[in-house]
Every structure is written in structure tokens, then in C-alpha cells.
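So the chains spell out like this:
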Amino acid sequence: MTSESSALVAERQAALRTQLGEDIVLSDAEELVRYCRDWHGDVTSGAVAVLRPRSTEQVAQAVRLCRELGLSIVPQGGNTGLVLGGIPDEEQSQVVLSLERMNKIRQIDSDDFSAVVDAGCILSELKDAIAEKGMFFPLALGAQGTCRIGGNVSTNAGGINVLRYGMTRELIFGLEVVLPDGSIFDGLSTLRKDNRGIDLKQLFIGAEGTLGIITAVSLKLTPYPDQVATALLGLASLDDAIKLFRRARRDCCDLMSAFEFMPPLAFTLAKEAMPDLPIPIAADYPAYVLMEISGCGLVDIDDLMGRFLESVMEDGLVLDGTIAASQSQARNLWLIREGMNEGQAKRGMHLRTDVSVKLSELAAFVADAEAAVEAAVTGAICVSYGHVGDGNVHLNVLPAEGATADERIEQIYKAKVAINGVLDRYQGSISAEHGIGRLKRADFEARLSPVRRQLLTSLKHAIDPDLVMNPGCQLNFSANS
Ligand SMILES: Cc1cc2nc3c(=O)[nH]c(=O)nc-3n(C[C@H](O)[C@H](O)[C@H](O)COP(=O)(O)OP(=O)(O)OC[C@H]3O[C@@H](n4cnc5c(N)ncnc54)[C@H](O)[C@@H]3O)c2cc1C
């Protein structure tokens, strides 16, 4: 930074402190680091300041002031996003606006099957509070102890329960949003049906903070599923896993709430992260499925799981399996799924993808994409797993053993190009659930049709003409104006 630009930053920090109050503004370089580093620690940037308002009105005031000062705003929830959407890329002109202090549960209404919460509520905390009232909010993901509901809505998060309950978009009734001019859009209704024209809340879901700051969310609840059966199954192939998924949907009356696919390498990776984790099944089947059926009331979920597994084992579709006999055993099965992520992280920088294709083409896509990676990068290891019931696979690539940091970067790039090439042939999505952020912007832009680009650009300029909100995220809107 030149002395001229440092003086400008200091001047802006002083204006923020004076007008918003010392309590709201962090500007000490050390304090800023955790807000400016991504989850994996691959990227660390900087910001003029971090703003931590306590109310919607304070968010609105901060937005108005940032506009006046020529600062743009990067909203942030739990900073668990995986595509660099929530950390700034311009340390001299951007502030992070963290929702972490806006974490009140405004109401839970069990009769209405709804709740209204501040956007900064941590997902697992709001789920626990809702569970205490006998109700359930189905969004579930590995980062739920840290991510915040405003971030979940802004990324339209998926997670393990999508196949039964849908993405975040389908789990909410309404939103309160501070718009780029500082006005407040009050769309916090809990009406189940409301067809009064265009549903404006949809604009902000999945917008990754590019159109406004979500300050509160009204949630759609369901009865708490107090019966849960969890099974880990060994199969002959991914193709058989997809056949099993189709059969489970029909035979289990759509009560299946999770269906995760894992390769045998999952156990090695999970053990590398959690050496004491029990693995209750032989680790040499070609494919594994972690499956959950859940319900409440008069259904008998254990009986349903038992009868289902008996029939699919008799037919040879499932080769081996274990059903969790207690909550702690079920938790251990899920820890294998979570541990495999940590195990990959422990192996150093690697390619993480989040792609989707049609379910009927998933097995062929994975085979083609893995072959393309092997041809492009000698010695690389593919780890394909994920929420396959949704056609979503994380086809991750661990660089060849012994690769230097530079070689890793090159191999990651080559593997990504190889996977995306195959994905384009299958007309798939480069982002099934994580969003675009800054990480996938170029790949997103390269695949945009002119009409879609124009629509997105017009929308952005209509709502945020001065490009205050999260510039650099999703699209380079200034290049399209
Ligand atoms: C271990 C792990 C497992 C994960 N599993 C899944 C998974 O299964 N499915 C899945 O979809 N994702 C998953 N993720 C990704 C991540 O957790 C989700 O994207 C999550 O929804 C992000 O929430 P957050 O509060 O951390 O948002 P942040 O990372 O803080 O922000 C994400 C984006 O939303 C914007 N934003 C945040 N809050 C607001 C707001 N209030 N108003 C406007 N914009 C806002 C940010 O600017 C940014 O662009 C996982 C991540 C980790 C680390």
C-alpha cells in the first residue's frame, strides 16, 4: 500500500468508527485476519474494516455510510463457504459486514410450523432450539456448527437432506433484506401460500450477497423425526448404488432422508483424520452407501429399514451392511463421512469440485471424468463421493504423491479442466450446491449464454446500480455495464 492509500484507508476507518461507533468497527490488522481467510486457509486477503452490527437498523446505517465513503461490502455469515464468496479481494476499498452478532431467535411457532430468526444464527443452534419445541429444520451440513442461516440462504445450501426436503430455497417462507441503498425489504411473512405476483425473496436466495444483506429469515419447519435408522452398506459399484437409491425411494415411501455415496478410500482418509474411529464393515467393497430413513408418529422406521435391507440383500444389490443400533453408532457412521473430508484436507492442497449431472448419467460421468483426470495428471488420486441421490458428486483430486507446491497447483488446474470438459459434454453444473463466489467466476462466465448474462447484469444494475454489494463475486458486473 502506498502512503497515500494508507492515509485514505485510515481516514475511512476513522469515519466508520465515528459514525457507527467503536463497538461496531474492527480495524486492527490482527483482528481482521479471521474474517479475511477462507475456511481451508488457502487464501488470506485484507479489508478496510470489519463491521459487526447488532440490528437490522444498524446494518442499514452501515450500508448507507459505506456508500457515502465509496466502500463496497462483503457480507459474511460463518465464513464456511468453499468458493471465496465471503472474503474480500480489495483490501483498500472493501469492508466485511459480519452478521455474527445478529443471532436472536425471534419466534418459533409449533402450531404454524414456522420460525423467524436473525440471519446470524448458527445453523446447529437454531436447529437445537427448534428441536426443543418438538420441531425440525431439515437443513443439515458438515459445517452446521459454524455456518449461519443468512449464509445458508445466500448460497442456497444443499447438504445431506436435500433428496427429501429440498435445497434451502425450499425451506424458507420469507426474508428481511437490507438493500444496497440502505432501505429495508420486509418480506418476513410466514404464509405458506402467497401468490401475490413475483416472489421477490427468490432474488436473494443464492445471490451470495451480491444484491443485499439478509438480516432475518422465516423458516418452514416439519415435525421432529424422532425415529431414525442409519445403515452403512457395501455394494459392487456406483451403478448399483444408483439402482439402490431408486429402489429405496419407492420401497421406503419417500421417507429416505439421506443417501451418501463413498468410495473404499473413504475409510483410509477418515482413519488418517480420526485414528480411533471404528469401521464396522469390511473396507474392500468397490462402493459404499450411507443411508438414513427417518420419520415420526405411527410409522415403524426400524422395521422398514430391516425389511428393505433384507429384500435388497436377497436380490444381491447390497453385498454387506450394518445398521446402527444406537445414536452413538449412527454418529460414528456419519463421522466416517465427515472424517473423509478432513483426511483429504490433511493430504494438503487438492482439487475440490461440486458438480452435478442427471442422476441417470451419474455413473457414466464419474467413470469418464476419472479416466480424463488419470490421462491428464499421472499419479493423481480421484476421490468421488457425495449426495448422489441429487446427481451431485464431489469429484475431488489429490495430486500425485511427492508433488511440490507448484506442481500441485499445475495438477489441480489440469484436473479441473479435464473434469469440466467431461461435465460440459454431459451438460452438467460446475456448482451443484456451493455457489460461484470468486473461485468459480471465470468458469461460470465462460459458460454463460448471452441472454442469461444480460438478464443477470440487468438485475444487478437495477438493484445495485453503484455495485456496492460484494463486487468480484459471481460475475464481473462492471465489465458488463
Ligand atoms: C465442512 C464443510 C461442509 C460443507 N458441506 C456443505 C454441504 O453439504 N452443502 C452445501 O451446500 N455447502 C456445504 N458447505 C459450504 C458452506 O458451509 C455453505 O455454503 C454455507 O451455506 C455457508 O454459510 P456461511 O454462513 O458460512 O456463509 P459465508 O461463508 O460467510 O458466506 C457465503 C456467501 O454468502 C454471502 N453471505 C453470507 N451471509 C450473508 C447475508 N446475511 N446476506 C447476504 N449475503 C450473505 C457471503 O458474502 C458469501 O458470498 C460445507 C462447508 C464446509 C466447511
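The rules we used
- Residues numbered from 1 in each chain as written.
- Predicted model: local features only at pLDDT ≥ 70, side-chain atom pairs only at ≥ 80, totals over all residues.
- Heavy atoms only, no water.
- Pairing = 2+ DSSP bridges.
- Helix = DSSP H or I, 4+ residues; strand = E, 2+ residues; numbered from the N terminus.
- Axes fitted to C-alpha atoms, helices over the stretch in contact; angles between N-to-C directions.
- Contact = heavy atoms within 4.5 Å.
- Buried < 20%, exposed > 50% of the residue type's maximum accessible area, 1.4 Å probe, protein only.
- Polar contact = N/O pair within 3.5 Å; in protein donor to acceptor, adjacent residues only side chain to side chain.
- Near = heavy atom within 4 Å.
- Areas by Shrake-Rupley, 256 points an atom, 1.4 Å probe, with all protein chains shown as cover.
- Nonpolar A, V, L, I, M, F, W, Y, C, P; charged D, E, K, R; others polar.
- 1 Å grid on protein atoms, 1.4 Å probe; cavity = no way out; pocket = protein on both sides within 12 Å on 5 of 7 lines; lining within 4 Å.
- Points joined across faces, edges and corners; volume = space filled by probe spheres on them.
- Parallel < 35°, antiparallel > 145°, perpendicular 65-115°, else oblique.

Details of the sheet that holds strand β15 (residues 320-323)
Working step 1: Strand order in the open sheet made by the 4 strands is β13-β14-β12-β15, with antiparallel pairing throughout. The sheet terminates laterally at β13 (256-262) and β15, the two strands that pair on one side only. Sheet twist, expressed as the average angle between the axes of neighbouring strands with direction ignored, equals 15°.
Working step 2: Its contacts with the sheet place helix α8 (residues 238-251) against β12 (227-235), β13 and β14 (287-295), and it is angled at close to 175° to β13.
Working step 3: Running at roughly 15° to β12, helix α10 (residues 301-314) makes contact with β12, β14 and β15 of the sheet.

Points about the side chain of Arg52
Working step 1: Looking at where Arg52 falls in the secondary structure, it is placed in the loop between β2 (49-51) and α3 (56-69).
Working step 2: Residue class for Arg52 comes out buried when judged on its relative accessible area of 16%.
Working step 3: A distance of 3.2 Å separates polar atoms of two side chains, one belonging to Arg52 and the other to Glu100.
Working step 4: Among all residues touching Arg52, those that are not within four sequence positions of it are Asp23, Ile24, Leu26, Tyr35, Ser98, Glu100 and Arg101.

Quick word on the site of the ligand
Working step 1: In the vicinity of the ligand, 34 residues are found, and the nearest of them are Pro75, Gly77, Gly78, Thr80 and Gly81.
Working step 2: Note that a nitrogen atom of the ligand is positioned 3.0 Å from one of the side-chain N or O atoms of Ser154.
Working step 3: Here an oxygen atom of the ligand sits 2.9 Å away from a polar atom, N or O, in the side chain of Thr155.
Working step 4: Calculation on the ligand without its partners gives an accessible area of 980 Å², and the protein chains cover 94% of this total.
Working step 5: Every element with two or more residues in the shell around the ligand is listed here: β3 (72-76), α5 (149-155) and β10 (213-220).
Working step 6: Among the elements that line the shell around the ligand, the one with the most residues is α5, at 5 residues.
Working step 7: The class makeup of the residues in the shell around the ligand is 10 nonpolar, 21 polar and 3 charged.

Section: the side chain of Ser72
Working step 1: Tracing the sequence through the fold places Ser72 in strand β3.
Working step 2: With sequence-adjacent residues up to four places away left out, Ser72 is seen in contact with Ser93, Gln94, Val95, Leu467, Val468 and Pro471.

Some words on empty space enclosed by the protein
Working step 1: On inspection of all chains with the given rule, the structure shows 1 cavity of 30 Å³ or more.
Working step 2: Around the largest cavity, the lining residues are Leu20, Ile24, Gln58, Gln61 and Ala62.
Working step 3: Looking at the lining of the largest cavity element by element, the count peaks at 3 residues for α3.
Working step 4: Residues that form the lining of the largest cavity fall into these classes: 3 nonpolar, 2 polar and no charged.

What about the packing of helix α9 (residues 265-273) against helix α11 (residues 327-346)?
Working step 1: At a minimum axis separation of 7 Å, α9 and α11 run at an interaxial angle of 75°. Between α9 and α11, the angle is such that the two are roughly perpendicular. Here α9 contributes Ala266, Phe267, Leu269, Ala270, Glu272 and Ala273 to the contact with α11, which in turn contributes Ile336, Gly339, Met340, Glu342, Gly343, Gln344 and Lys346.
Working step 2: Of the residues belonging to the contact of α9 with α11, the class tally is 7 nonpolar, 3 polar and 3 charged.

By themselves, these figures tell us nothing about what the structure is for.
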